[in-house]
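Geometric and topological summary
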Amino acid sequence: MKISARNQLKGVVSSVKDGAVNGIVVISLGENSVTADITMESIKNLGLEEGKDAVAIIKATNVMFAAGSGRVAGISARNQLAGTVATVKKGAVNGHVSLELADGNTITGSITNAAIDDLGLEVGAPAVAIVKSTDVIVGVE
């Protein structure tokens, strides 16, 4: 299956925490992990359990950025992936920024050109990609 979501991060489920309606699935990517808040129905339908291969799928429009290499304190978003800006492609109003993570994965976000400039996001600069756990879709082969 081909999908339009730019970010498809392959990993292994490291934990599943059941809830009444939703559960929390953590996918290990090596040095990083991605947390997804999805329905219990989806967890059961996908057969998600510790050790199973899974893909964290994130639309580029759901990725936020912070300048610098450290975690952002005082924010509710569960996923903070530190990396180095690998590419910046500006359009008329918005641009795409890609970070290369320490484990070799890449995450791309779509943000305004003004935000790119304000944050000083240029190739080689440290940055953190931030994604809410409710914006992560989980897939399996």
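See the structure printed just above.
What comes next is a walk through the structure.

**Examining the pattern of salt bridges**
Taken as a whole and judged by the stated rule, the model has one salt bridge. Across the salt bridge formed by Asp117 and Lys90, the nearest N and O atoms sit 2.5 Å from each other. With Asp117 in helix H2 (residues 113-119) and Lys90 in strand S6 (residues 79-90), this pair connects stretches of sequence that are 27 residues apart.

**Quick notes on the nonpolar core**
Grouped together as the largest cluster of nonpolar side chains are 31 residues, with contacts concentrated most on Leu48, Phe65, Leu99, Ile107 and Leu121. Residue contacts for Leu121: discarding those within four places in its chain leaves Phe65, Val85, Val88, Val97, Ile111, Ile116 and Ala127.

**Examining the sheet that holds strand S5 (residues 64-67)**
Sheet architecture is open: five strands sit in the order S5-S9-S6-S7-S8, paired in antiparallel fashion. In this open sheet, the two strands that pair with only one neighbour each are S5 and strand S8 (106-112). Along the sheet, successive strands turn relative to each other by an average axial angle of 45°, direction set aside. Pairing analysis gives seven bridges linking strand S7 (residues 94-101) to S8, with the strands arranged antiparallel. In the strand pairing of S8, Leu99 is matched with Ile107.

**Here's the deal with the sheet that holds strand S4 (residues 53-58)**
Judged by pairing direction, the sheet is antiparallel, and its five strands sit side by side in the order S3-S2-S1-S4-S10 without closing on themselves. The sheet is open, and its two borders are formed by strand S3 (33-39) and strand S10 (137-139), each paired with just one other strand. Each strand of the sheet is rotated relative to its neighbour by a mean of 45°, with strand direction disregarded. Strand direction decides the pairing type here: strand S1 (residues 7-17) and S4, joined by six bridges, are antiparallel. When the bridges of S4 are listed, Val12 appears paired with Asp53.

Reading guide: rules and limits
- Residues numbered from 1 in each chain as written.
- Predicted model: local features only at pLDDT ≥ 70, side-chain atom pairs only at ≥ 80, totals over all residues.
- Heavy atoms only, no water.
- Salt bridge = Lys/Arg side-chain N within 4 Å of Asp/Glu carboxyl O.
- Helix = DSSP H or I, 4+ residues; strand = E, 2+ residues; numbered from the N terminus.
- Core = buried A, V, L, I, M, F, W, Y, C linked by side-chain atoms within 4.5 Å.
- Buried < 20%, exposed > 50% of the residue type's maximum accessible area, 1.4 Å probe, protein only.
- Contact = heavy atoms within 4.5 Å.
- Pairing = 2+ DSSP bridges.
- Axes fitted to C-alpha atoms, helices over the stretch in contact; angles between N-to-C directions.

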